[in-house]
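Topology and contacts: notes
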Amino acid sequence: MFEQVKLTYGADALEPYIDTLTVETHYGKHHATYTKNFNDAVAKAGLEGKSAEEILASLDSVADESLRKALRNNGGGYYNHNLYFESFSPSPAKAPTGALLDKINEKFGSVDALKEELTKLATGQFGSGWAWLSANKAGDLMTSASPNQDNTISEGKGYIPIIALDVWEHAYYLKYKNLRPDYIKNFFEILDWSKVEENYKRIIG
Ligand SMILES: [Fe+2]
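About the criteria used
Residues numbered from 1 in each chain as written. Predicted model: local features only at pLDDT ≥ 70, side-chain atom pairs only at ≥ 80, totals over all residues. Heavy atoms only, no water. Helix = DSSP H or I, 4+ residues; strand = E, 2+ residues; numbered from the N terminus. Rg over C-alpha atoms; globule rule 2.2 N^0.38 Å. Contact = heavy atoms within 4.5 Å. Areas by Shrake-Rupley, 256 points an atom, 1.4 Å probe, with all protein chains shown as cover. Lys, Arg positive; Asp, Glu negative; His and termini not counted. Charge placed at Lys NZ, Arg CZ, Asp CG, Glu CD. Salt bridge = Lys/Arg side-chain N within 4 Å of Asp/Glu carboxyl O. Domains from an automatic or database assignment. Buried area = accessible area lost by both parts, 1.4 Å probe. Donors = N, O, S within 2.8 Å, 3.2 Å for Na, K, Ca; no water. Tetrahedral: all angles 85-135°; square planar, octahedral: opposite > 155°, others 65-115°. Core = buried A, V, L, I, M, F, W, Y, C linked by side-chain atoms within 4.5 Å. Buried < 20%, exposed > 50% of the residue type's maximum accessible area, 1.4 Å probe, protein only.

**As for the overall build of the protein**
- Within the protein, the regular secondary structure consists of eight helices and three strands.
- Scanning the protein from its N terminus toward the C terminus, one meets helices and strands in the order α-α-α-α-α-β-β-β-α-α-α.
- For the protein, the C-alpha radius of gyration of 16 Å lies close to 17 Å, the compact-globule estimate for 205 residues.
- Dimensions of the protein along its principal axes, counting C-alpha atoms only, are 45 × 40 × 30 Å.
- When contacts within the protein are restricted to residue pairs at least 6 apart in sequence, long-range pairs at least 24 apart make up 67% of them.
- Surface summary for the protein: the accessible area is close to 9700 Å², and the carbon and sulfur share equals 52%.
- On the protein, the mean spot of the 22 positive side-chain charges and the mean spot of the 28 negative ones are 2 Å from each other.

**Re the pattern of salt bridges**
- Inspection of every chain in the model, using the stated rule, returns seven salt bridges.
- With its nearest N and O atoms 4.0 Å apart, the salt bridge here joins Lys 195 to Asp 192.
- Each of the salt bridges in this network shares a partner with another, and the network as a whole consists of Lys 103, Glu 106 and Asp 140.

**As for the domain arrangement of the protein**
- The domain boundaries assigned to the protein delineate domain 1 (20-86) and domain 2 (98-204).
- Contacts between domain 1 and domain 2 engage 20 residues on the former and 22 residues on the latter.
- Summed over both sides, the interface between domain 1 and domain 2 buries roughly 1700 Å², with carbon and sulfur atoms accounting for 56% of that surface.
- Considering only the side of domain 1, the residues that lose the most area to domain 2 are Asn 80, Leu 83 and Tyr 84, jointly responsible for 33% of the buried surface there.
- Here domain 1 and domain 2 share one salt bridge between them.

**Here's the deal with the coordination of the iron ion**
- The protein atoms donating to the iron ion are His 26 (NE2), His 81 (NE2), Asp 166 (OD) and His 170 (NE2), with metal-donor distances spanning 1.9 to 2.1 Å.
- In this structure, the iron ion is surrounded by four donor atoms whose angles at the metal cover 92 to 129°, and the resulting shape is tetrahedral.
- Sequence spacing of the donor residues for the iron ion, all on one chain, is H-x54-H-x84-D-x3-H. A residue pair is termed long-range when its members are at least 10 positions apart, and His 26 in helix 1 (residues 20-45) and His 170 in the loop between strand 3 (160-166) and helix 6 (173-176) qualify at 144 residues.

**What to know about the nonpolar core**
- Core analysis: the largest hydrophobic core is formed by 59 residues, its most contacted members being Leu 71, Tyr 84, Leu 141, Ile 162, Leu 165, Tyr 183 and Phe 187.
- Broken down by element, the residue count for this core peaks at seven residues, all from helix 3 (residues 65-86).
- Here this core spans two domains, and each of domain 1 (20-86) and domain 2 (98-204) adds at least three residues to it.
- Those residues in contact with Ile 162 that sit more than four places away from it in its chain are Leu 83, Leu 100, Leu 133, Ser 134, Ala 135, Leu 141, Val 196, Asn 199, Tyr 200 and Ile 203.

**Some points on the side chain of Thr 22**
- Note on placement: Thr 22 falls in helix 1.
- Residue class for Thr 22 comes out buried when judged on its relative accessible area of 1%.
- Ignoring sequence-local partners within four residues, the contact set of Thr 22 consists of Tyr 27, His 170, Ala 171, Leu 174 and Lys 175.

**Side note on the environment of Ala 135**
- Relative to the helices and strands, Ala 135 is located in strand 1 (residues 129-135).
- Classification of Ala 135 by relative accessible area gives buried; the value is 0%.
- For the pair Ala 135 and Lys 36, spaced 99 residues apart in sequence, the C-alpha to C-alpha distance is 28 Å.
- Apart from the residues lying within four places of it in its own chain, the contact partners of Ala 135 are Asp 140, Leu 141, Tyr 159, Ile 160, Ile 162, Tyr 200 and Ile 203.

Given below as structure tokens:
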């Protein structure tokens, strides 16, 4: 049985960057629904006991098309939002350190340049989707964007997300309306880089 991550902060703790009603709706309704529907689809497909990453990485093995679609969309919705909600803090570490910082500097030139790259991808994602910073087991980094609830795992890219930037309208519309770039700018104000580092370390082992 998959469960939503527990929030380590109150629904109002990310103000003014992400407003209370958006956290309540996004986590309490959207993420909750993805989680319920993912569990239903997992049971229907007989995939209990597998991790969400395993399921998303082997969607091709599910023969039934509508079930495969349900696993892709709701499994992605479950997994992506766990990563998203886990990565915020009202008192975030403002920059990465150690091996992750070295890798970012090597690949992108600086943390600010990486943020610019992610901002460009997130702003340019047409319609609903996500922008990612992902890592592979060798520690290499990659930025990308995906439509819907796809991610670098379900896309078979061999990379696992470590920053999840949700640009579905449900992530920002109540507060920011059409101003997606303002939401993206403020996303980085509450992104806790110590969580991103934890994600990176887990992948490289
Ligand atoms: Fe979302």
